[in-house]
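Each chain is listed here by its residues.
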Amino acid sequence: MTTSDYWDADTAATYDESSAFMFAPEVLDPAVDFLAALAGDGAALELAIGTGRVAIPLAERGVPVSGIELSQPMTDELHRKRADVPVVVGDMATARVDGEFALVYVVWNSIGNVRTQAEQVACFRNAALHLAPGGRFVVELWVPGIRRLPPGQAAVPFHVGRRHVGFDTYDLTTQQGTSHHYRRHDDGTVTYGESNFRYIWPSECDLMAQLAGMELERRVADWHGAPFTNDSESHVSVWGKPA
């Protein structure tokens, strides 16, 4: 059993459209550049591969990409776009893919989708098991915005736009949270959706990597390589498996 939310067929069918800003070249290209450089001549494995937002352009760079994805409908959407990307449908904390990889990665906060510390530790261990000696594990993750919470407030906005407003609510005692999405559509209607997560501090990620036998090599604030500072709201971290 997994604690992850499950993306059903309706969610999968509209996922690319609702996440269109993440497909923009200025957002996507730096991530693909970063990952392709780390993969080199080796193969890559994406945990929570989804509809292939990152995997497909990475494969188009010549990197052999495989994936693990909990949702069969999300996998179906990926395969409608590119059928030759192999995907194992299962939990990214436990599912296994044949072979060894130069790179394992999980992007856009997806490791938070498994909502217990034990499962998140298992994700790091599963990544390490798939890595060849000398391989790298990459995580893209936001830094929890809880320092913006005044006393008595439980919600923090993470996006306010014409068509979408999003808030995160936090339980500080359990590190559990929920993202709340309000979307305005062309016909004027507004729909609501939510997804649940467990937030992880960067230092907690390092401990999880250590438990999996990996060492931190690099931490930057974004895919462009900006320095990670006290004010950074996200990080891209790279851990290595000893050769």
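Please refer to the structure placed before this passage.
A short tour of the structure in this document, coming up. Please read these numbers as outputs of a predicted model, since none were measured by experiment. (Residues numbered from 1 in each chain as written. Predicted model: local features only at pLDDT ≥ 70, side-chain atom pairs only at ≥ 80, totals over all residues. Heavy atoms only, no water.)

One can find Gln153 in the loop between β5 (131–142) and β6 (155–160). The partly exposed category is assigned to Gln153, whose relative accessible area is 38%. With 17 residues separating them in the primary sequence, Gln153 and Tyr170 have C-alpha atoms 9.4 Å apart. A polar contact is formed between the side chain of Gln153 and the backbone oxygen of Ala155, at a distance of 2.6 Å. (Helix = DSSP H or I, 4+ residues; strand = E, 2+ residues; numbered from the N terminus. Buried < 20%, exposed > 50% of the residue type's maximum accessible area, 1.4 Å probe, protein only. Polar contact = N/O pair within 3.5 Å; in protein donor to acceptor, adjacent residues only side chain to side chain.)

Spatially, β6-β7-β8-β9 is the arrangement adopted by the four strands of the open sheet, whose pairing is antiparallel. Either end of the sheet is taken by a strand with one partner, and the two such strands are β6 and β9 (190–198). Each strand of the sheet is rotated relative to its neighbour by a mean of 20°, with strand direction disregarded. Here strand β8 (residues 176–184) pairs with β9 via nine bridges, running antiparallel. When the bridges of β9 are listed, Ser179 appears paired with Ser195. (Pairing = 2+ DSSP bridges. Axes fitted to C-alpha atoms, helices over the stretch in contact; angles between N-to-C directions.)

Mapped onto the elements, Glu140 comes out in strand β5. Taking the relative accessible area as the measure of exposure, Glu140 reaches 15% and is therefore buried. Separated by 36 residues in the primary sequence, Glu140 and Val104 place their C-alpha atoms 12 Å from one another. Every residue in contact with Glu140, bar those within four places of it in the chain, is listed here: Val106, Val107, Trp108, Asn109, Trp223, His235 and Val236. Within the structure, Glu140 has its side chain in polar contact with the backbone nitrogen of Trp108 (distance 2.7 Å). (Contact = heavy atoms within 4.5 Å.)

As summarised here, the arrangement of the seven strands in space is β3-β2-β1-β4-β5-β11-β10, forming an open sheet in which the pairing is mixed. At either margin of the open sheet sits one strand with a lone partner, and together these are β3 (87–89) and β10 (215–220). Going across the sheet, the axis of each strand differs from the next one's by a mean of 15°, ignoring polarity. Judged from the five bridges that link them, β10 and strand β11 (residues 234–240) form a sheet pairing that is antiparallel. Of the residues in β11, the one forming a bridge with Glu215 is Gly240.

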